[in-house]
Amino acid sequence: MHSLIEGIALGLTLDLFFGFGPAFFAEIQTGIHKGFYKGFILALGVFLNDLTVVALSIIGAHVIMNTMHKYQILGVAGGLVLILFGIATYRNKIELTGEGEEEDININEPHVLMYLLKGFLLNIANPLVWLFWPTVVLGVATPFMKTTLNIVLFFSGTLSMFLLVDTAKVFLASRIKNYITDKILHLINKVAGIGLFIFGIVLVIRSIVMSG
């Protein structure tokens, strides 16, 4: 049960701080222009991709941990990656409406299941996802890797919170679409970047303390 609670806390924290990449803006745009249901289906596609990457990361982590005893260095490396993510997120400028995306949303009317595929492919094409989840598995979830039940409970909590928070984002976007501006999104980006930076520093310190 402790593993599940830790996973829920981590999922809530990470999605609030990290969940502002390309998938987030696609979810917001879909929620605004197509409504909650299609936005949720897109978010579900993102969730399924996260689940796939996490499963692959856990398999890879077991291989690494079987050959490395002092794996705390991976936590330090993961923390540094998150710090870089934070800096990049803080400096990133993404507008809510772009010409290409607006055209895709307004003109094309794909089947609802295409939104599931879009969410999956959008997330899988983001290289940060392939760095982020292995970092979480190796740098944060390592204490829960001792038993299969613990790791399943941990990431059940983490990924469930990702889906729940993303669903809430889509719902809010579909309800307050007239109040969302580029200025607000830029502010969110800066807050998210600072949060990631701090989380990375904490992870580095925690890993150094563990190795000591």
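Residues numbered from 1 in each chain as written. Predicted model: local features only at pLDDT ≥ 70, side-chain atom pairs only at ≥ 80, totals over all residues. Heavy atoms only, no water.

**With respect to the overall build of the protein chain**
- What the protein chain contains, in helices and strands, is nine helices and zero strands.
- Scanning the protein chain from its N terminus toward the C terminus, one meets helices and strands in the order α-α-α-α-α-α-α-α-α.
- The buried share of the protein chain, reckoned over its 212 residues, is 42%.
- Counted over contacts in the protein chain with a minimum sequence separation of 6, partners at least 24 positions apart contribute 88%.
- In the form shown here, the protein chain has an accessible surface area of approximately 11,100 Å², with 71% of it arising from carbon and sulfur atoms. (Helix = DSSP H or I, 4+ residues; strand = E, 2+ residues; numbered from the N terminus. Buried < 20%, exposed > 50% of the residue type's maximum accessible area, 1.4 Å probe, protein only. Contact = heavy atoms within 4.5 Å. Areas by Shrake-Rupley, 256 points an atom, 1.4 Å probe, with all protein chains shown as cover.)

**Remarks on the environment of W133**
- As for its placement among the helices and strands, W133 is situated in helix α7 (residues 127-139).
- Here the alpha-carbon distance between W133 and A55, two residues 78 residues apart in the chain, equals 9.5 Å.
- What W133 contacts, discounting residues up to four positions off in sequence, is D50, V53, V54, S57, F155, T158, L159 and F162.
- Here the side chain of W133 touches D50 through a polar contact of 2.9 Å, side chain to side chain. (Polar contact = N/O pair within 3.5 Å; in protein donor to acceptor, adjacent residues only side chain to side chain.)

**With respect to the pattern of salt bridges**
- Here the structure, examined in full by the defined rule, presents one salt bridge.
- Linking K169 and D166 is a salt bridge whose minimum nitrogen-to-oxygen distance equals 3.5 Å. Highlighted residues: K169 and D166, both in helix α8 (residues 148-175), separated by three residues, approximately one helical turn. Take K169 and D166: they sit in the same class, and that class is buried. (Salt bridge = Lys/Arg side-chain N within 4 Å of Asp/Glu carboxyl O.)

**Digging into the packing of aromatic side chains**
- Scanning the entire structure with this criterion turns up five aromatic pairs.
- A centroid spacing of 5.8 Å and a plane angle of 85 degrees characterise the contact between F36 and F171, whose relative ring orientation is edge-to-face. In this pair, F36 is assigned in helix α3 (residues 36-67) and F171 in helix α8, connecting sequence segments 135 residues apart.
- Overall, the relative accessible area of 31% leaves F36 in the partly exposed class.
- Residue class for F171 comes out partly exposed when judged on its relative accessible area of 38%.
- Plain terms: the ring middles of W133 and F162 are 5.1 Å apart, the flat faces sit at 55 degrees to each other, and that makes the pair tilted. Here the residue W133 occupies a position in helix α7, and F162 occupies one in helix α8, the gap between them amounting to 29 residues.
- The exposure class assigned to F162 is buried, which follows from its relative accessible area of 6%. (Phe/Tyr/Trp six-rings, centres within 6.5 Å; stacked < 30°, edge-to-face > 60°.)

**Focus: helix α6 (residues 112-124)**
- End to end, α6 covers 19 Å across 13 residues, agreeing with the expected 18 Å (1.5 Å per residue, within 8%).
- Residues of α6 that are buried include every one of V112, Y115, G119 and N123, and no others. All buried residues of α6 fall inside an arc of 60 degrees around its axis, so they share one side. (Expected span 1.5 Å × (residues − 1). Arc of directions from axis to C-beta.)

**Focus: a nonpolar patch on the surface**
- The grouping of L84, I87, Y90, I194, F197, I198, I201, V202, I205 and V209 at the surface amounts to a nonpolar patch, some 890 Å² of accessible area in total.
- Secondary structure elements with two or more residues in the nonpolar patch: α4 (72-91) and α9 (182-211).
- When residues in the nonpolar patch are grouped by element, the largest group, seven residues, is from α9.
- Note on placement: L84 falls in helix α4. (Patch = residues over 30% accessible without salt bridge, like charges linked within 9 Å, V, L, I, M, F, W, Y side chains within 5 Å.)

**As for the side chain of E27**
- Position of E27 among the secondary structure elements: in helix α2 (residues 22-34).
- The side chain of E27 is buried and forms no salt bridge, while K169, the nearest opposite charge, is found at 5.6 Å.
- When neighbours within four sequence positions are excluded, E27 is seen to be in contact with L42, A43, V46, D166 and V170. (Lys, Arg positive; Asp, Glu negative; His and termini not counted.)

**Observations regarding the environment of F40**
- Tracing the backbone shows F40 in helix α3.
- For F40, a relative accessible area of 26% puts it in the partly exposed group.
- Each C-alpha atom of the pair F40 and A168 lies 9.1 Å from the other, and the pair is 128 residues apart in sequence.
- Not counting residues within four places of it along the chain, the set of residues in contact with F40 comprises L163, T167 and V170.

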